[in-house]
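One-letter residues, chain by chain:
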Amino acid sequence: MPACRTQLHFSAKGSLAEREDWWWLCYDPESAEFYVEHEWDHMDPYRLGEASNKGTSRMSVEQWQRGGGPGLTEYDTAREKLLEECRKQ
């Protein structure tokens, strides 16, 4: 079974939203592990013909919270929502 995920946070910066970032709380049911996936799409509005900087990275929940992630209440809410969604699959 693939990992389940729910959005923790979204950020768009710039007048054209040229710097978009998503943070997802993920749960791998096979390993019973929670982690955070950071996905980004950053583009230079002055170079529209060129490819944007896109990617993903994975970090532990603790790393994400130390880096300014939400408090425990928000995390607990997202975690419960994610587990409920994962059970439905």
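Right above here is the structure, for reference.
Analysis parameters
Residues numbered from 1 in each chain as written. Predicted model: local features only at pLDDT ≥ 70, side-chain atom pairs only at ≥ 80, totals over all residues. Heavy atoms only, no water. Disulfide = S-S within 2.5 Å. Helix = DSSP H or I, 4+ residues; strand = E, 2+ residues; numbered from the N terminus. Buried < 20%, exposed > 50% of the residue type's maximum accessible area, 1.4 Å probe, protein only. Salt bridge = Lys/Arg side-chain N within 4 Å of Asp/Glu carboxyl O.

**Remarks on the state of the cysteines**
Tallied over the full model, the rule gives one disulfide. Here Cys4 pairs with Cys86 through a disulfide, and the sulfurs are 2.2 Å apart. Taking the sign of the S-S torsion, 65 degrees for the link of Cys4 and Cys86, the bridge is right-handed. Of this pair, Cys4 sits in strand β1 (residues 4-13) while Cys86 sits in helix α2 (residues 72-88), and the two are 82 residues apart along the sequence. The two residues Cys4 and Cys86 agree in class, both being buried. Looking at the unpaired Cys26, the closest cysteine sulfur is the one in Cys4, lying at 9.2 Å.

**Considerations on the pattern of salt bridges**
Working definition: two side chains of opposite charge can pair if their charged atoms are close together. This structure, assessed with the given rule, holds three salt bridges. The salt bridge partner of Arg5 is Glu37, with a shortest N-O separation of 2.8 Å. Of this pair, Arg5 sits in strand β1 while Glu37 sits in strand β3 (residues 33-42), placing them 32 residues apart in sequence. With relative accessibility at 37%, the residue Arg5 sits in the partly exposed group. The partner of Arg5 in a salt bridge is Glu39, with the nearest N and O atoms 3.9 Å apart. With Arg5 in strand β1 and Glu39 in strand β3, this pair connects stretches of sequence that are 34 residues apart. According to the relative accessible area criterion, Glu39 is partly exposed, its value standing at 24%. One connected set of salt bridges, linked through shared partners, spans Arg5, Glu37 and Glu39.

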